[in-house]
Amino acid sequence: MQTPATSLTGRRIVLGVTGGIAAYKAADLVRRLTEAGAEVQVVMTANAQRFVGAQTFQALSGTPVRSSLWDETAEAAMGHIELARWPDLILIAPASANCIARLAHGLADDLLTTLCLASDRPVAIAPAMNRLMWAHAATQANLHTLMHRGVHVLGPGSGGQACGETGEGRMWEPLQIRDAVAALLHTGRLNGVRIVLTAGPTREPIDPVRFITNRSSGKMGYALADALARMGAEVTLVSGPTALPVPAGTRRIEVETADEMLAATQDAAAQAQILIGAAAVADYRLEAVAEHKIKKKADTLDLRLVKNPDILATVRAAHPQLFVVGFAAETEDLAEHARDKLLRKKLDLIAANWVGSGRAFDRDDNALHVFWAGGERELAHGPKSRLARELADLIAERYLAHPAAAR
Ligand code: C5P
């Protein structure tokens, strides 16, 4: 049975299959996508057909495979420009290094690349190749170009490769790709709900080369953004500096200072139903940022700090319709401080965690204690990805029971 998070009912997907041994996994992917309710039109490159026959894909998708720009019968049924407009998503799995290079350079020398160029629909690629091809500067530069253009890159994973080597470059498993596609296409329990989520640290400049920041890695916020997108939410991630990739199906706005984070959050919140503050916002910034690098002269240096705006409280006051979720990182009296923040910042839900001495910050695990008016729930210690899913479920549950959801 399909869970709502993986429902693709009525969604149209052009699945591009390029030449690589992982093409055999694309056959299973077709099954997974169609089982979830998607309509799939397979487009194979000439090289892909050296690995798997078109008949296999035709049988699984229930539709003849397209592979050439010059197939008159297929063109008469649906011309390639029409086909470029047909899908909700163009998914290329496996995407070979060659295909990635051709897309990056805007080539249109076969049906698949022509479709990508002639379509304004989202494109996602699931790379699959030998680890050295993946690591090659040319491939990485091409990927960078594609990501910059908004192409979603799903994977790759690492592990044993068909060539006998071990490393990064394995295509993601079909179920993982299917779930990422569902996230990209926003299908699930929070279908169409717009969420603004702040994550990561902020950076408060001292002078052109120095800044004040904190230990936040952004991992919890990013994991939560990912879990919410998988439930169908349209997530805008307002992020301080982190090294993390953009979760599939989310829109990231990159900021540095608390002031920039406030401005970006205010903007996005006007259209949103839910606001989540997972960022570790610096409480203070420099009263005046030095125009030039401060020279090391005196034995002591005084820096005068002023308080930063409280983003959650400010945005909540400007947009009272929002369902607002905050985080509390505490080193003592967790429940008391969390409840106090819930009231003071007029939050609808607060997720509290212990911090300090190897807990929470810049780690992959965590534990949360969630409070709301009239209730609380402990989310047991575990990986942030699992906690994020549990917290996303709880946010959905509380939000859907809230009058804000009826708007
Ligand atoms: O007051 P405290 O920093 O403990 O509150 C934490 C919560 O408030 C978090 O959700 C955090 O993202 C948010 N916050 C904010 N703006 C600030 C400080 C905290 O939105 N300036």
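I will try to describe carefully the structure that is included in this document. Just so you know, these numbers come straight off a predicted model, no measurement behind them.

**As for the sheet that holds strand β4 (residues 123–127)**
Think of a sheet as strands paired side by side through backbone hydrogen bonds, with each pair either parallel or antiparallel.
At step 1: Read from one edge of the open sheet, five strands run β2-β1-β3-β4-β5, paired in parallel fashion. Among the strands making up the open sheet, the edge pair consists of β2 (39–44) and β5 (152–153).
At step 2: The sheet contact formed by strand β1 (residues 12–17) and strand β3 (residues 89–95) spans four bridges and is parallel. Bridge assignment links Gly16 to a residue of β3, and that residue is Ile92.
At step 3: This element, helix α3 (residues 54–61), spans β1 and β2 of the sheet and lies at about 170° to β2.
At step 4: Lying on the sheet, helix α7 (residues 111–118) is in contact with β1, β2 and β3; it crosses β3 at an angle near 145°.

**Section: the site of the ligand**
At step 1: The ligand sits among Gly277, Ala279, Val281, Pro309, Asp310, Ile311, Leu312, Gly326, Phe327, Lys341 and Lys345.
At step 2: Phe327 has a polar backbone atom sitting 2.8 Å from an oxygen atom of the ligand.
At step 3: In the environment of the ligand, an oxygen atom lies 2.8 Å from a nitrogen or oxygen atom belonging to the side chain of Lys345.
At step 4: Protein contacts shield 85% of the accessible area of the ligand, which totals 440 Å² for the unbound molecule.

**Considerations on the packing of helix α1 (residues 23–35) against helix α10 (residues 174–184)**
At step 1: Where α1 meets α10, the axes come as close as 9 Å, and the angle between the chain directions of the two elements is 45°. One finds that α1 runs oblique with respect to α10. The crossing of α1 and α10 is right-handed. Along the contact surface, α1 presents Lys25, Asp28, Leu29, Arg32 and Leu33, while α10 presents Pro174, Leu175, Ile177, Arg178 and Val181.
At step 2: Here the residues of the contact of α1 with α10 are counted per class, giving six nonpolar, no polar and four charged.

What counts as what
- Residues numbered from 1 in each chain as written.
- Predicted model: local features only at pLDDT ≥ 70, side-chain atom pairs only at ≥ 80, totals over all residues.
- Heavy atoms only, no water.
- Pairing = 2+ DSSP bridges.
- Helix = DSSP H or I, 4+ residues; strand = E, 2+ residues; numbered from the N terminus.
- Contact = heavy atoms within 4.5 Å.
- Axes fitted to C-alpha atoms, helices over the stretch in contact; angles between N-to-C directions.
- Near = heavy atom within 4 Å.
- Polar contact = N/O pair within 3.5 Å; in protein donor to acceptor, adjacent residues only side chain to side chain.
- Areas by Shrake-Rupley, 256 points an atom, 1.4 Å probe, with all protein chains shown as cover.
- Parallel < 35°, antiparallel > 145°, perpendicular 65-115°, else oblique.
- Left-handed = near helix turned anticlockwise from the far one by under 90°.
- Nonpolar A, V, L, I, M, F, W, Y, C, P; charged D, E, K, R; others polar.

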